[in-house]
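# Analysis of the macromolecular model
Given next are the chains, with one letter for each unit.
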Protein chains: 2
Amino acid sequence: MTDELRDRGLRLTPQRELVLAAVRELGHANPEEIAEVVRLKHPGINLSTVYRNLETLENVGLVIHSHLGHGGATYHAAEDINHLHLVCGKCGSVGEASIETAAQFVNVIADDYSFKTDVTHFAIHGTCSRCLETL
Amino acid sequence: MTDELRDRGLRLTPQRELVLAAVRELGHANPEEIAEVVRLKHPGINLSTVYRNLETLENVGLVIHSHLGHGGATYHAAEDINHLHLVCGKCGSVGEASIETAAQFVNVIADDYSFKTDVTHFAIHGTCSRCLETL
DNA sequence: GAGTAGTTGCAATTCGTTCGCAAGTGGCTT
DNA sequence: AAGCCACTTGCGAACGAATTGCAACTACTC
């Protein structure tokens, strides 16, 4: 990460390092959860620092956010974005699906609407298998 | 709408009527925009009344919300939900696509993950044709 | 090792949304 | 036609998530 940052005149601070480490460790997490993990090693970190670092890490391309539900964003390490999210509207569970399942869909949208789809950014909303059973 | 409401012991108030009318008129709109339209005919309406009516109209099935972007929900008349949304991450434009384009995708997700997809609830994120050209 | 520009912590602020409560009013009942 | 009661409204306060201004701090360049 040193290069990505320094090339842009940005700095490698302990806080920034810990935020990235937390994102990588957690898989998908919101800023609050990330702050909690960071605080284990750096208790004094401020929430706004977490927000600001997530933003810069995203600009640099080390981190990506996606929207899984009504609330805020959740963050992923850039190298982990190889799945799409299936969010159950009933129980709120978040499943994952292979990106390939959407390949054909992405192609159709590209052909018919000249729209280049990023399937990972928004979750796929619906009802999970467990909730379908208990209807 | 009278029946949908009264059958549940709910009332048909002028405010409620105007909120529904505004949703139908606007196509997709957020609560703030809906309030603006309602205020043309009923200047005193309170924002929280709009929120509450959107919620009850949704419970009754006359209105549906979906998430098009980072911020809050946008509301549609229930009878208009026959398209999915293509939101451009660069320019913010919101396009529409036929639901059929997703039919195969929905089937694959159902078969592979036993997950029943509601494609209209979350937008499809990506880059629109115009922004693709100007890269 | 010193200087500078990027960064942090803090507190205050914003935005969108929800809440509690008292006053108001639809609509069933008589 | 009038009354009653539960549903609604408007208002202000409160809320959570995210953002901002600013002074103190510090990573990095030379």
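Owing to the predicted nature of the structure, the values given are computational and were not obtained by experimental measurement.

Mapping chain A onto chain B calls for a rotation angle of 179 degrees and an axial translation of 0.0 Å; the resulting RMSD is 0.2 Å. Such a turn and shift between the copies fits a two-fold axis. Considering only C-alpha atoms, the part of chain A nearest the rotation axis is Phe 105 of chain A, at 2.9 Å. The residues that chain A uses at the interface reappear at the interface of chain B in 100% of cases, marking a shared surface.

Moving on to the state of the cysteines. Counting across every chain of the model gives zero disulfides over all chains. Cys 131 of chain A takes part in no disulfide bond, and the closest cysteine sulfur to it belongs to Cys 88 of chain A, at a distance of 3.7 Å. Look at Cys 131 of chain A and you get buried, because its relative accessible area is 12%. Left unpaired, Cys 131 of chain B is separated from the closest cysteine sulfur, that of Cys 91 of chain B, by 3.7 Å.

What follows deals with the nonpolar core. Of all hydrophobic cores here, the largest spans 24 residues; its most connected members are Leu 84 and Leu 86 of chain A together with Leu 84 and Leu 86 of chain B. Secondary-structure elements contributing two or more residues to this core are strand 3 (83-88) and helix 5 (103-113) of chain A together with strand 3 (83-88) and helix 5 (103-113) of chain B. Ignoring sequence-local partners within four residues, the contact set of Leu 86 of chain B consists of Ile 109, Tyr 113 and Phe 115 of chain A together with Ser 93, Val 94, Gly 95, Glu 96, Ala 97 and Ile 124 of chain B.

Once that is clear, we can look at the environment of Val 94 of chain B. Residues and elements named next belong to chain B. Tracing the backbone shows Val 94 in strand 4 (residues 94-98). Accessibility expressed as a relative area gives 35% for Val 94, which makes it partly exposed. Through-space distance from the C-alpha of Val 94 to that of Ala 21 is 22 Å; in sequence the pair is 73 residues apart.

Glancing now at the pattern of salt bridges. All names here are of chain A. Across all of its chains, the model carries two salt bridges over all chains by this definition. A salt bridge links Arg 24 to Glu 79, with the shortest nitrogen-to-oxygen separation between them at 3.0 Å. Of this pair, Arg 24 sits in helix 2 (residues 14-26) while Glu 79 sits in the loop between strand 2 (73-77) and strand 3, and the two are 55 residues apart along the sequence. The exposure class assigned to Arg 24 is partly exposed, which follows from its relative accessible area of 40%. The class for Glu 79 is partly exposed, based on a relative accessible area of 48%.

Cut-offs applied
Residues numbered from 1 in each chain as written. Chains lettered and ligands numbered in written order. Predicted model: local features only at pLDDT ≥ 70, side-chain atom pairs only at ≥ 80, totals over all residues. Heavy atoms only, no water. Least-squares fit on C-alpha atoms with pLDDT ≥ 70 in both. Contact = heavy atoms within 4.5 Å. Disulfide = S-S within 2.5 Å. Buried < 20%, exposed > 50% of the residue type's maximum accessible area, 1.4 Å probe, protein only. Core = buried A, V, L, I, M, F, W, Y, C linked by side-chain atoms within 4.5 Å. Helix = DSSP H or I, 4+ residues; strand = E, 2+ residues; numbered from the N terminus. Salt bridge = Lys/Arg side-chain N within 4 Å of Asp/Glu carboxyl O.

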